[in-house]
Structures are given as structure tokens and as C-alpha cells.
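Listed below are the residues making up each chain.
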Amino acid sequence: MTSSHTDCHYCLQSLRGRKYALREENAYCVPCYDSLYANPCEECKQPIECNSKDLAYKGRHWHEGCFRCAKCSRSLVEKPFAAKDEILLCTECYSDEYSSKCFHCQKTIMPGSRKMEFKGSSWHESCFVCQYCRQPLGTKPLITKDNENYCVPCFEKQFAHHCYSCKKVITSGGVTYHNQPWHKECFVCGGCKTQLSGQRFISKDEYPYCVDCFGKFYAKKCAACKKPITALGGAKYISFEERQWHGECFNCAKCSVSLVGQEFLTRQDDILCHECGSA
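No experiment lies behind these values; they were computed from the predicted model shown. (Residues numbered from 1 in each chain as written. Predicted model: local features only at pLDDT ≥ 70, side-chain atom pairs only at ≥ 80, totals over all residues. Heavy atoms only, no water.)

A.B. asks: Quick question: what am I supposed to make of the overall build of the protein chain here?
C.D. replies: For the protein chain, the helix and strand inventory stands at five helices and 23 strands. In terms of overall size, the protein chain is more extended than a compact globule, its C-alpha atoms giving a radius of gyration of 46 Å where 279 residues would be expected to give roughly 19 Å. Expressed along its principal axes, the backbone C-alpha trace of the protein chain runs to roughly 155 × 35 × 30 Å. Here the protein chain, with 279 residues, has 32% of them falling under the buried criterion. Look at the contacts in the protein chain between residues 6 or more apart in sequence, and 12% of them connect residues 24 or more apart. Entry remark: accessible area of the protein chain is about 18700 Å², with carbon and sulfur atoms responsible for 47%. The averaged location of the 31 negative side-chain charges in the protein chain is 5 Å from the averaged location of its 37 positive side-chain charges. (Helix = DSSP H or I, 4+ residues; strand = E, 2+ residues; numbered from the N terminus. Rg over C-alpha atoms; globule rule 2.2 N^0.38 Å. Buried < 20%, exposed > 50% of the residue type's maximum accessible area, 1.4 Å probe, protein only. Contact = heavy atoms within 4.5 Å. Areas by Shrake-Rupley, 256 points an atom, 1.4 Å probe, with all protein chains shown as cover. Lys, Arg positive; Asp, Glu negative; His and termini not counted. Charge placed at Lys NZ, Arg CZ, Asp CG, Glu CD.)

Right, here's the structure in full:
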């Protein structure tokens, strides 16, 4: 600005025919204004004179020509930029240095764009989708298989096992029996309905039974002790003329010697060793 009617507020020199600057309604010649009020440039440390454009960011100032990316030196004037540890970077350089890479496409997630975080990795919002139906997962419940994410309905449709007993999806755990999956809570004795997971059981017609129920409903009775013969754990039993004995019960009725693997004689319902039977 020029004036012929005022003096410099600081040095009192006439401003007639000279450029001057106003500050708080006071006029200053350019040298006085620059010495008193010009901001130092963050880059070159020289004052930003009143006839130069002063670019400010968070209380710091730059000449227009000094306002550049610290890495590639491209001008940041009227362009988006990012700051890291008080250093200014263009968005491309910032992304190369500091931005996350998308777990799915491995491309940079640009500053300002929305990203999704899951299990310590980052995704573009457009990449964080169900592998099967391709619908966005957002904050919906999901299940991961082979590093791919699925919404719960698609995972159940594609991969989940269905319980052999109740036919519902097994989402975790479970028991395998006769090559069929079961819920733990569905894997129960066919008689008393006691849960059998981790317990001893015996199979009958593709269903499991606890030892007591199997003995009660299905096991043959020992001709000697009258208790069920379950053959649990590979125990041996002896069968003769439609009668069965526990291996440890197959003894001579007179002298109690074991007859397992030995010759024996019968007398009515008794079994006898050869010596007792011949006496």
C-alpha cells in the first residue's frame, strides 16, 4: 500500500510515496514491519517479509516456496499433506513410510481413508468382505479359515459340521463318533441320557451307551456270577451251548480251577475239570 499522509509508527519516517503495512491500525514502513513482525520460515529460517506469502500450519510458518515435502521436495501448496514428528510429507511419501498395508490386497491404506482392524492386521474397508458372499463384514461376527474371513451364515453353509443327533451346526468343540460329528451335550447314553464325553461307553446300533445301561439292556449275563458280560476294554468271555461266562468266572464248579483253555466236562448246569468230572 502507498500513502502520502502518514509516518511509520516505529521509525517515524514519512511514508509518502512508499509501501507500508498496517497492524492494529498502525502503519509501518516495510523494513520496520519485517523486522518487528515477520515470522521466521521453518525451512530456511529467514523472515517471511510482508510482500511474501506466509503459509502457516499449527503455529509454524513457511515461505510459499519452502512449503515442500521433506522427502520428495514437491510443493505442498494447496495440496493434501500429513505431518509426522513435525515433518511435513505429501500423502504419497507418508503412505510409503508410515501407512498400513492391506492384509488382503497388500496395497497402501491411504491416510484419511477408513481401515478395518482385525487380529492385528489392517484391511481397506472394501477388502474386508466375506470370502464367499463378498458382502462387507464391518463389525459383524465373522469366522476365519485359512486366512480368509467369512460371515457366520456363509461359514456354516460352506464348512460347519452338523450334529448327528440334533442336526444343528457345531460352532466349536464337539465329539466325533463313528465318523460322525456330535455336540458334546448331545453325545449322551442312549439309555439314561448321561453325557458320555470323556467317559467309557459301549456302542449298540450306532448309538453309545454307558456301561451300566448297556449291561442292563443288552449285555449277556454270566452263567456263574449273573452279572453282564460287556467285553469292555477287550475282556475275554467264554461261550458254550448258548451260555456265556466271564473269563475269570469260567471255573470248575467243584475245585474252582480255571477252565479257560482246558478240557472240561458238564454235569447238568455245572462245568467240571476233567479230574472232578471223572471222580
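A.B. asks: It is not clear to me how helix H2 (residues 91-98) should be interpreted in this structure. Could you clarify?
C.D. replies: In an α-helix, one turn spans 3.6 residues; hence positions three or four apart end up facing the same way. Thr91, Cys93, Tyr94 and Ser95 are the residues of H2 that are buried. Looking at the buried positions of H2, the neighbouring elements they touch are strand E6 (81-84) and strand E7 (87-90).

A.B. asks: How should the side chain of His124 be read in this particular structure?
C.D. replies: With respect to the element layout, His124 can be found in strand E9 (residues 121-124). Overall, the relative accessible area of 17% leaves His124 in the buried class. Once you skip the residues sitting within four places of it in the chain, His124 turns out to touch Cys102, Cys105, Lys107, Thr108, Ile109 and Arg114.

A.B. asks: How do you make sense of the side chain of His61 when you look at a structure like this?
C.D. replies: Residue position: His61 is located in strand E5 (residues 60-63). Within the structure, His61 has its side chain in polar contact with the side chain of Asn39 (distance 3.3 Å). A polar side-chain atom of His61 sits 2.9 Å from a polar atom in the side chain of Asp54. Setting aside residues no more than four positions away along its own chain, His61 makes contact with Asn39, Pro40, Cys41, Glu42, Ile48, Asp54, Leu55 and Ala56. (Polar contact = N/O pair within 3.5 Å; in protein donor to acceptor, adjacent residues only side chain to side chain.)

A.B. asks: When you look at the layout of surface pockets in this model, what are you seeing that I'm missing?
C.D. replies: Over the atoms rolls a probe the size of a water molecule, and in doing so it shows where empty space is left. When its volume is computed, the largest pocket comes out at roughly 220 Å³. Lining the largest pocket are 13 residues, and of these Glu43, Trp62, Arg68, Ala70 and Leu88 sit closest to its centre. When residues of the lining of the largest pocket are traced back to their parent elements, those giving at least two are E5 and E7. Tallied by class, the residues present in the lining of the largest pocket amount to six nonpolar, one polar and six charged. (1 Å grid on protein atoms, 1.4 Å probe; cavity = no way out; pocket = protein on both sides within 12 Å on 5 of 7 lines; lining within 4 Å. Points joined across faces, edges and corners; volume = space filled by probe spheres on them. Nonpolar A, V, L, I, M, F, W, Y, C, P; charged D, E, K, R; others polar.)

A.B. asks: What am I meant to see in the packing of aromatic side chains here?
C.D. replies: Two numbers describe a pair of aromatic rings. These are the distance of the centres and the angle of the planes. Under the definition given, this model contains 22 aromatic pairs. Arranged with centres 6.1 Å apart and planes meeting at 55°, the rings of Phe118 and Phe128 form a pair that is tilted. One end of the pair, Phe118, is in strand E8 (residues 115-118); the other, Phe128, is in the loop between E9 and strand E10 (142-145), and 10 residues separate them in sequence. For Phe128, a relative accessible area of 3% gives the class buried. (Phe/Tyr/Trp six-rings, centres within 6.5 Å; stacked < 30°, edge-to-face > 60°.)

A.B. asks: Would you mind going over the confidence of the model for the protein chain with me for this structure?
C.D. replies: As a note on interpretation, predicted positions should not be read in detail where pLDDT is low. Mean pLDDT for the protein chain: 83, with 95% of residues reaching 70 or above. Here strand E1 (residues 2-3) stands out as the element of the protein chain with the lowest mean pLDDT, 46, in contrast to E5, whose mean of 92 is the highest. (pLDDT = per-residue confidence, 0-100.)

A.B. asks: Which parts of the structure should I look at to understand unusual backbone geometry?
C.D. replies: Backbone phi values are negative for most residues with the exception of glycine, while trans is the configuration of most peptide bonds. Positioned with a positive phi, Gln106 is a non-glycine residue whose angle comes to about 65°. Along the chain, the position of Gln106 falls in the loop between H2 and E8. With a relative accessible area of 53%, Gln106 lands in the exposed category. Of note, Lys167 is a non-glycine position whose phi angle comes to about 70°, a positive value. Looking at where Lys167 falls in the secondary structure, it is placed in the loop between strand E12 (161-162) and strand E13 (169-170).

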